[in-house]
Structure formats: C-alpha cells, structure tokens
Amino acid sequence: LVEALSVLDTDQLMRYWAVHSFMNNYDSIVSKARAWNFYICENNGVLSYIPWDYNESFGGMDARVVIRDVFGNLDLDTTTTGLDNVMSAEKDLINMPIDNPNRVGGTEQLPMLHKWISNEECKEQYHEICTEMTGLEKRYTELTARTKDMLEPYVQKSLTFYTDEQFSAAMKHMDLYMKYRIESVRGQASGEIPSTWEGQKEKSETLIEPEGLELYKMASATNIIGCPPASVINPVVNAFLGKDPDR
C-alpha cells in the first residue's frame, strides 16, 4: 500500500472519487461498459486524474432511467430484462454507496480505488472529504440559480432542444437530486447510513426516501440517441404489445 500511495496524489484521487460517486455517472469506469473516461496525468513521478465526459451524470445512463426517458410513463413490465431492483432507480441511485460506486462488482475491479479504500486510515480521510463536499450545498444553490437565469431566455425563445416546461421540470428534479444525494452522502460519511452494498442491504431502513424525485425528467436519451419522443413512440409500442388493437 505504501508503495502504491507513493506514486499517487491520494488527496486529489480521493476528491475525484468523492465527486464521481456523488454524480452517479455510469458512462464511466464504474459501469458495465467500463468506459475509461479519464486521463492520468504524471507530474514528477506522481499520478493524478483528469476527469471528463460527465454529461450523463445524475443517473442519466442508468437503464431504468433511460427507459422512462424514451417511453415516458408507458406502463412497461421490465422485470424480464433484469433492469428492476428491489427499489426504484431513484432510491437506488440516491443511496449509492460511497465506498463502492462500482455497479458490477467489488472495488478490487477498480485498482486505483481499491488500493486505498481498503485502508481504514485512508477511508477515514475519504469520508472527511465527502463530508466537506456536502458543505457546498449553498454554493450549488447559488450556481444553479445563476445558470437557470442565464439559460431560461434561450429556452423561452425555443433556441434549445427543450420546451420551457421540460426545462422547468429538469431544474426542479435537479434540485431534488442534490438535496437527497447530499443527505445520503452526509449520512454515509458520518456512519448513520451504511456506505457499502452489504451494509445497506442489512440496514435498508436507514436509506433515504427520495420523495417526488423522477430522474428521467433530467435525462436526455431521446436527444442523444436520436430516438423519437414518447408521444410518437408510445402508440407504436402499445400497438406492438397488443394494448391498442385499433392501431
């Protein structure tokens, strides 16, 4: 461990993983795709991360969220696809364990995380960084308010991909995501909420209930993959499933 840490900027690395875990970005190394979307920078023999490609954060690449984004509120049974969990996508992602953000296995599959997260002293330092990050809530509120004011005139003039209604809904659910995720990360870092998959399974009663949050209203799968909107595709799917025999 000492040898490994000697060539890593551990403080920067911990801050990277704290933010990465918070963001729920699965267009990345922690997804099934294993997208290695980061650069490794070497300076005087010490390695650090340069992160990139975070446009699908906040669960935007979670299959359950994408399905609802594409099909809207269409009543589809997705149990046979293996996409359903014992809880909603919202509750699952809001409570994502900060000690293992890997969706498809343990931390041993992520060597640059596993090397130090397995050490109690390093983990304690990491949890302090996570707590520090949750203290930025006021700055987030101020930043999003300024960003909203900057973008809204363009949305109202139909100069973006989204309607005014979609934009307002996305901002509302973005605020809810931040509120609940901050609450969860703060609780995990303090030990009130388990910070591993195993611990959360044993003490599921401690998990945050994200009331009112609908992540698909922030997602943009229909635009990114060029899929028709729900108003167009739903009648086709309903007809295919035999729910609308007149079509």
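These figures come from a predicted structure and were not determined experimentally.

### Re the overall build of the protein
- Of the regular secondary structure elements, the protein holds eleven helices and two strands.
- Ordering the α and β elements of the protein from the N terminus gives α-α-β-β-α-α-α-α-α-α-α-α-α.
- With 247 residues in all, the protein has 43% of them scored as buried.
- Taking the intrachain contacts of the protein between residues at least 6 apart in sequence as the baseline, contacts between residues at least 24 apart amount to 73%.
- Summing over all exposed atoms, the protein offers an accessible surface of approximately 14,000 Å²; the carbon and sulfur share of this is 55%.

### Describing a nonpolar patch on the surface
- A grouping of Y39, I50 and W52 is seen on the molecular surface, where their side chains present a nonpolar patch of about 320 Å² in accessible area.
- Structurally, I50 can be placed in strand β2 (residues 46-51).
- The exposure class of I50 is partly exposed, given its relative accessible area of 41%.

### Here's the deal with the pattern of salt bridges
- Scanning all chains against the criterion turns up seven salt bridges.
- Its salt-bridge partner being K91, residue E209 comes within 2.7 Å of it at the nearest N-O pair. With E209 in the loop between α9 (197-202) and α10 (221-224) and K91 in helix α4 (residues 89-94), this residue pair connects regions lying 118 residues apart in the sequence.
- K91 sits in the buried class, given a relative accessible area of 15%.
- The residue E120 makes a salt bridge to K123 at a minimum N-O spacing of 3.7 Å. Of this pair, E120 and K123 both sit in helix α6 (residues 120-134), separated by three residues, roughly a single helical turn.
- Judged by its relative accessible area of 56%, E120 is exposed.
- Where salt bridges share partners, they join D11, R15 and E132 into one cluster.

### So, the nonpolar core
- Ranked by internal contacts, the top residues of the largest apolar core, which has 46 residues, are W17, W116, Y126 and Y177.
- Here this core gets eight residues from one element, more than from any other, and that element is helix α8 (residues 164-190).

Conventions used here
Residues numbered from 1 in each chain as written. Predicted model: local features only at pLDDT ≥ 70, side-chain atom pairs only at ≥ 80, totals over all residues. Heavy atoms only, no water. Helix = DSSP H or I, 4+ residues; strand = E, 2+ residues; numbered from the N terminus. Buried < 20%, exposed > 50% of the residue type's maximum accessible area, 1.4 Å probe, protein only. Contact = heavy atoms within 4.5 Å. Areas by Shrake-Rupley, 256 points an atom, 1.4 Å probe, with all protein chains shown as cover. Patch = residues over 30% accessible without salt bridge, like charges linked within 9 Å, V, L, I, M, F, W, Y side chains within 5 Å. Salt bridge = Lys/Arg side-chain N within 4 Å of Asp/Glu carboxyl O. Core = buried A, V, L, I, M, F, W, Y, C linked by side-chain atoms within 4.5 Å.

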